[in-house]
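# Structure at a glance
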Amino acid sequence: MKIGITCYPTFGGSGAVATELGLQLADRGHEIHFISYAQPFRLVHFHEGLFFHEVEVNRYPLFEYPPYSLALAVSMHEVARRHELDLFHVHYAIPHATTAWIAREMLRDEGSDIKLVTTLHGTDITLIGQDPSYWSITKFSIERSDGLTAVSEYLQKVTYEAFECAKCAIRVIPNFIDPAVYQRAIYDCQRDALAAQGEKIVMHISNFRKVKRVEDVVRIFDRIARKVPARLVLVGDGPERPLAVDLAQELGREEQVLFLGKIESVAELLACADLFLLPSEEESFGLVALEAMATGVPVVGSSGSGLREVVIDGLTGRLHPVGDVESMAESSVELLTDSDLWKRVSEAARTSAVERFSAERIVPIYESFYDEVLGEGT
Ligand code: GMT
């Protein structure tokens, strides 16, 4: 199959999943064309059967906001025509489902029968998609996708509720990881570069947006550090980072909190972690929690949204209500001070991640979904 993939190439779960899916599909003999304004951040090496097409946006002075969506639609149309694509698979509905719909309409006028699959990732539905600026075009676009997937049952439910998605049949296909990449043993963790001897390493990775509640990460850590010699390693960057820096200082923890900024390969960092914190307001899935689990790192995070489909509370980590930093800290201390418990949870986390969310298990589900979408209407 010849597939055009569009995603946000920046740091974030949807771009990571789209890139890993493209790599896996290319390894399975498909021809994959990435179409975006920049090389996806995890697409770092040449890969047979995989191509990248950069979208050029003319910044004509008249444009206050250069119309990237239009330039993207033109690129999608051009790549589809030149390479005779069977399918667009776009990740994150805004604006990708709309630009793909435009390109598909252009191609249909030229006799093409290309299909469009949209994968919903989270904030495209739960947050920005519900903003009055985007709600109607998001509804219009997802309802006209030939195939629609969501990364969790939670997100599937929210989509039906928030968009009265009349004609949508949303298939749940969870995110996945390559177990060969996320395994502690293959990385020579430089613990002493991150923490002093005997200190536990508590980690958080995100794009530091409000939804991640990074200040709660610092508050939880402050409570952990009262009972356990520990270091907090914060990976990533975003608008909430200054607030986290200020709070760490206010709590007198600036010496124990490390801000590493954006790091591309999180696998080797996770190999150093003893605990992973993800207390988000809402997570449709929580890919980074799955990456932590696969690396044998117990996860403490928030219940109430998609994370509970990844972390099995009490088995592979602990989940507590959003904002309940006391309970999250208590669970963290319990895991960090009871080595037998930590070992049990670490092993269960790795086993659960590999058994339920390996690429080997999930990628064929995408392939058969593509077949279903392409088979329809014949
Ligand atoms: O987490 C983010 O803010 C980035 C966002 C994205 O679009 O990349 O992540 C969303 O997609 C990920 C991949 O499917 C999910 O693992 C995240 O849970 C989801 N983020 C939210 O729902 C807040």
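Residues numbered from 1 in each chain as written. Predicted model: local features only at pLDDT ≥ 70, side-chain atom pairs only at ≥ 80, totals over all residues. Heavy atoms only, no water.

The local shell around the ligand holds 18 residues, among which Ser14, His121, Arg209, Lys212 and Glu283 are the closest. Between the ligand and Asn207 there is a distance of 3.3 Å, counted from an oxygen atom to a side-chain nitrogen or oxygen. Here Phe285 contributes a backbone N or O atom positioned 3.1 Å from an oxygen atom of the ligand. Coverage of the ligand by the protein amounts to 95% of the 480 Å² it exposes when considered alone. (Near = heavy atom within 4 Å. Polar contact = N/O pair within 3.5 Å; in protein donor to acceptor, adjacent residues only side chain to side chain. Areas by Shrake-Rupley, 256 points an atom, 1.4 Å probe, with all protein chains shown as cover.)

A few words on the environment of Ser284. If you trace the backbone, Ser284 turns up in the loop between β11 (275-278) and α11 (287-294). When its relative accessible area of 8% is taken as the criterion, Ser284 is described as buried. Spatially, the C-alpha atoms of Ser284 and His121 are 6.8 Å apart, while their sequence positions differ by 163 residues. In contact with Ser284, other than residues within four places in its own chain, are His121, Gly122, Val151, Ser152, Tyr154, Leu155 and Gly306. A distance of 2.3 Å separates the side chain of Ser284 from the backbone oxygen of His121, its partner in a polar contact. (Helix = DSSP H or I, 4+ residues; strand = E, 2+ residues; numbered from the N terminus. Buried < 20%, exposed > 50% of the residue type's maximum accessible area, 1.4 Å probe, protein only. Contact = heavy atoms within 4.5 Å.)

On to the packing of helix α8 (residues 214-225) against helix α12 (residues 325-337). At a minimum axis separation of 9 Å, α8 and α12 run at an interaxial angle of 50°. Between α8 and α12, the angle is such that the two are oblique. The handedness of the crossing between α8 and α12 is right-handed. For the pair α8 and α12, contact is made by Asp216, Arg219, Ile220, Arg223 and Ile224 and by Val325, Glu326, Met328, Ala329, Ser332, Val333 and Leu336, respectively. Here the residues of the contact of α8 with α12 are counted per class, giving 7 nonpolar, 1 polar and 4 charged. (Axes fitted to C-alpha atoms, helices over the stretch in contact; angles between N-to-C directions. Parallel < 35°, antiparallel > 145°, perpendicular 65-115°, else oblique. Left-handed = near helix turned anticlockwise from the far one by under 90°. Nonpolar A, V, L, I, M, F, W, Y, C, P; charged D, E, K, R; others polar.)

Compared with the 27 Å implied by 1.5 Å per residue over 19 residues, the 26 Å span of helix α13 (residues 339-357) between its first and last C-alpha is a close match. The backbone nitrogen of Asp340 lies 3.1 Å from a side-chain oxygen of the residue at the head of α13, namely Asp338. (Expected span 1.5 Å × (residues − 1).)

What follows deals with the domain arrangement of the protein. Its domain assignment divides the protein into domain 1 (2-176 + 358-373) and domain 2 (184-357). Taking only C-alpha atoms, the centre of domain 1 and the centre of domain 2 are 30 Å apart. In this complex, domain 1 contributes 23 residues to the contact, which on the side of domain 2 involves 23 residues. At the boundary of domain 1 and domain 2, one finds 1 salt bridge. Seen at the junction of domain 1 and domain 2, the total is 7 residue pairs in polar contact (both at pLDDT 80 or more). Contributing elements (two or more residues each) for the side of domain 1 that touches domain 2: α1 (13-27), α4 (123-126), α6 (153-163) and α14 (359-375). Grouping the constituent residues of the side of domain 1 that touches domain 2 by class yields 12 nonpolar, 8 polar and 3 charged. (Domains from an automatic or database assignment. Salt bridge = Lys/Arg side-chain N within 4 Å of Asp/Glu carboxyl O.)

Where a strand is regular, its side chains alternate between the two sheet faces. Alternating positions in β11 separate into two faces, Leu275 and Leu277 on one and Phe276 and Leu278 on the other, with burial throughout. Where strand β8 (residues 200-205) and β11 come together, 2 bridges link them in parallel fashion. What sits directly across from Val202, in β11, is Leu275. Judged from the 3 bridges that link them, β11 and strand β12 (residues 299-302) form a sheet pairing that is parallel. Bridging from a neighbouring strand, Leu277 pairs with Val300 of β12. You can see the chain leave β11, run along α11 and come back into β12, and the turn it takes is right-handed. (Pairing = 2+ DSSP bridges. Right-handed = clockwise from strand over helix to strand, strands pointing away.)

The subject of this paragraph is the side chain of Thr119. Relative to the helices and strands, Thr119 is located in strand β5 (residues 115-120). Residue class for Thr119 comes out buried when judged on its relative accessible area of 0%. Side-chain polar atoms of Thr119 contact the side chain of His89, separated by 2.6 Å. Engagement of the side chain of Thr119 in a polar contact is seen with the side chain of Thr149, the distance being 2.7 Å. Apart from residues no more than four positions distant in its own chain, Thr119 is found in contact with His89, Val90, His91, Tyr92, Ala93, Asp124, Thr149, Val151 and Tyr366.

The final tally for this structure, using the stated rule, is 1 disulfide. At a sulfur-sulfur separation of 2.0 Å, the disulfide partner of Cys189 is Cys272. When the S-S torsion is 130°, as for the bridge of Cys189 with Cys272, the disulfide is right-handed. Taken together, the residues Cys189 in the loop between β7 (170-172) and α7 (191-194) and Cys272 in the loop between α10 (266-270) and β11 connect sequence positions 83 residues apart. Given a relative accessible area of 22%, Cys189 falls into the partly exposed group. Since its relative accessible area comes to 3%, Cys272 is described here as buried. (Disulfide = S-S within 2.5 Å.)

Here we come to the packing of helix α2 (residues 68-83) against helix α3 (residues 93-109). At their nearest, the axes of α2 and α3 sit 8 Å apart, and the two run at 50° to each other. Here α3 runs oblique to α2, going by the angle between their axes. The hand of the α2/α3 crossing is right-handed. Of α3, the residues touching α2 (which contributes Ser69, Leu72, Ala73, Met76, His77, Ala80 and Arg81) are Pro95, His96, Thr99, Ala100, Ile102, Ala103, Met106 and Leu107.

A few words on the environment of Arg191. Relative to the assigned elements, Arg191 resides in helix α7. Along the backbone, Arg191 and Ala271 are 80 residues apart, and their C-alpha atoms lie at a distance of 9.3 Å. Beyond its immediate stretch of four places on either side in the chain, Arg191 contacts Glu199, Lys200, Ile201, Cys272 and Asp274.

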